[in-house]
Amino acid sequence: MRRTIPLVLTFVVGMYPIFAFFVPHASISGVNQWLDRALMIVAAFALPLGVVNLVGMNLTKIKQKREGWPYAIVLLAGLVVMAYFGVIGVITRQHTGFHPTFQMLFDNMVSPLQATMFSLLAFYVASAAYRAFRARNVEATILLVAAIIVMLGRIPFGDMLTGGRMTPLSEWIMNRPNAAAQRGIIIGAALGAASMSIRVILGIERTYLGKSRD
Amino acid sequence: MQPLGLSIGVWVNALLTLCILSFLYKDNPFFRFAESLFAGMSLGYYIGIVTVQTLQPNLIRPLGETFFGNHNYLLLIPMALGIMLYFRYIPRISWLSRIALAVYIGYYVGVLMMQKIHGQVIPQTRDTIMPVTTGGIDALWNLVVIIGVFSVLVYFYFSVEHKGVVGKVSRVGIWFLMISFGASFGYTIMARISLLMGRFSFLVNNWIRPMFGS
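(A) Highlighting helix 1 (residues 8–21) of chain B. Across its 14 residues, helix 1 of chain B extends 20 Å between first and last C-alpha, which sits within 8% of the 20 Å expected from 1.5 Å per residue. Among the residues making up helix 1 of chain B, those that are buried are Gly9(B), Val10(B), Asn13(B), Ala14(B), Leu16(B), Thr17(B), Cys19(B), Ile20(B) and Leu21(B). Buried residues in helix 1 of chain B make contact with helix 4 (100–132) of chain A together with helix 2 (29–66) and helix 6 (164–211) of chain B.

(B) Region of interest: the interface of chain B and chain A. Taken together, the 110 residues of chain B in the interface contact 108 residues of chain A. Summing both sides of the interface, chain B and chain A together bury roughly 10,100 Å²; the carbon and sulfur share of this comes to 80%. Contact with chain A buries area across many residues of chain B, yet Met41(B), Arg98(B) and Tyr107(B) alone supply 8% of it, more than any other trio. Between chain B and chain A we count two salt bridges in total. In this structure, Asp138(B) and Arg176(A) form a salt bridge, with 4.0 Å as the shortest nitrogen-oxygen distance. There are 16 residue pairs in polar contact (both at pLDDT 80 or more) connecting chain B and chain A. Those elements giving two or more residues to the side of chain B that touches chain A turn out to be helix 1, helix 2, helix 3 (76–84), helix 4 (97–128), helix 5 (136–155) and helix 6 of chain B. Counting residues per element, the side of chain B that touches chain A draws most heavily on helix 2 of chain B, which supplies 32 residues.

(C) Geometry of the packing of helix 5 of chain B against helix 6 of chain B. Residue and element names in this part refer to chain B. Running from N to C, helix 5 and helix 6 point in directions that differ by 110°, and their axes come no closer than 7 Å. Taken as axis vectors, helix 5 and helix 6 run roughly perpendicular relative to one another. Considering how the two elements wind past one another, helix 5 and helix 6 form a crossing that is left-handed. Counted together, Val-144, Ile-147, Gly-148, Phe-150, Ser-151, Val-152, Val-154 and Tyr-155 of helix 5 and Val-166, Val-169, Ser-170, Val-172, Gly-173, Ile-174, Phe-176 and Leu-177 of helix 6 form the full contact between these two elements. Across the contact of helix 5 with helix 6, the residue classes break down as twelve nonpolar, four polar and no charged.

(D) Here's a closer look at the environment of Pro210(B). All names here are of chain B. In this structure, Pro-210 sits in helix 6. Residue classification places Pro-210 among the partly exposed residues on the basis of a relative accessible area of 21%. Along the sequence, Pro-210 and Leu-196 sit 14 residues apart, while their C-alpha atoms lie 20 Å from each other.

(E) Spatial organisation of the side chain of Asn32(A). Residue position: Asn32(A) is located in helix 2 (residues 26–63). We classify Asn32(A) as buried; its relative accessible area is 16%.

(F) Representation of the packing of aromatic side chains. In the structure shown here, the tally under the stated rule is 13 aromatic pairs over all chains. With a centroid separation of 5.3 Å and an interplanar angle of 65°, the aromatic rings of Tyr155(B) and Phe156(B) are classed as edge-to-face. The structure contains a cluster of three or more aromatic residues connected by ring pairs, namely Phe98(A), Phe102(A), Phe106(A) and Tyr45(B). Directly above the ring of Trp69(A) sits Lys65(A), whose terminal nitrogen or CZ lies 5.2 Å from the centroid.

(G) Layout of the pattern of salt bridges. For the coordinates displayed, the defined rule picks out five salt bridges over all chains. The partner of Glu139(A) in a salt bridge is Arg171(B), and the shortest N-O contact between them spans 2.9 Å. Here Glu139(A) is found in helix 5 (residues 138–153), whereas its partner Arg171(B) is found in helix 6 on a different chain. Judged by its relative accessible area of 13%, Glu139(A) is buried.

The rules behind these values
- Residues numbered from 1 in each chain as written.
- Chains lettered and ligands numbered in written order.
- Predicted model: local features only at pLDDT ≥ 70, side-chain atom pairs only at ≥ 80, totals over all residues.
- Heavy atoms only, no water.
- Helix = DSSP H or I, 4+ residues; strand = E, 2+ residues; numbered from the N terminus.
- Expected span 1.5 Å × (residues − 1).
- Buried < 20%, exposed > 50% of the residue type's maximum accessible area, 1.4 Å probe, protein only.
- Contact = heavy atoms within 4.5 Å.
- Buried area = accessible area lost by both parts, 1.4 Å probe.
- Salt bridge = Lys/Arg side-chain N within 4 Å of Asp/Glu carboxyl O.
- Polar contact = N/O pair within 3.5 Å; in protein donor to acceptor, adjacent residues only side chain to side chain.
- Axes fitted to C-alpha atoms, helices over the stretch in contact; angles between N-to-C directions.
- Parallel < 35°, antiparallel > 145°, perpendicular 65-115°, else oblique.
- Left-handed = near helix turned anticlockwise from the far one by under 90°.
- Nonpolar A, V, L, I, M, F, W, Y, C, P; charged D, E, K, R; others polar.
- Phe/Tyr/Trp six-rings, centres within 6.5 Å; stacked < 30°, edge-to-face > 60°.
- Lys NZ or Arg CZ within 6 Å of the ring centre and 35° of its normal.

What is shown is where atoms sit, not what they do.
Structure below.
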């Protein structure tokens, strides 16, 4: 019973958007739009689940003074300050919805931290490539050549070396062979996701309900 | 020198950027501080965004209006489902959280299935059906795309053993995939370098130069 009810609900609610797609009547699509909005709210409620786990984990780390515990305090402080100014915007009914401090913290802390963190990867991806990109076989050589052409095609130096041929060649790679492979990947992944959806709706795939049998 | 002429925001921004870049030397407390701060603030930012952009317009404001005559009582259903997600922490009624999960997952996979089939498989297949008999270079490039998509799909088709003709076609698929991976890699590297240049540009033009009054 405790598993059957969720399975029946999954089937009924899962079939509804499919039904609404093929029967575009105003009353049916109205319910669909309401479900869209309602499930967005449920998803928003799921966010604190992750937050509770993270806070619990870090509080334990601080309590037991495990290695690196001061950084757990920094993490929690960042979380609390940012979340406070995010939520306070709603309470104080700001014009944009966001408290000015929230925006200021984003512009001067979150955004530069994110950009620098990602820019740091340039060094590590490049050094990893140096080790991995050896023209050992046909496939590795193709990968290496495509990467070099695309990189040179993005900077003026590439055109300077080849008399303006590198940018068109790079564009051709992006728009033809790369687009073809991406299209194949997209079609394959979409078919996989659709078949997984059918399995979930029909109750064949049940792992999302957890392992317990009760 | 006019360090006080700079805003606190620029200083914080610059110092955090340097903390992250210090990892290029080796793992150190400054980097770990900035890393923890980034993790906490990113989650706090997400909480703010969800509160302001999802919960406020879809739940808090409409429920508030209920007191002024607009009866939005139906919104109590998704709110109840959202709260039910937390029943997983109460062992005696933890199974009830599955109901909320079942509704959410069921609707999501139903929508996902239609999105994948209607929004990806059909349009991507339609765009692949291109003229190849019109002559000229475009027809040749269209043929390249068609061969690419077909061979990549054959490579991802694991229900038959990749031997004989299937093996040869799937090998062509691998070549197309390698071009795509190489192109994506080159593109990613250039994007990361562009971010790095942005950070250095900030440090020099917005922090160091104003500090020395230039």
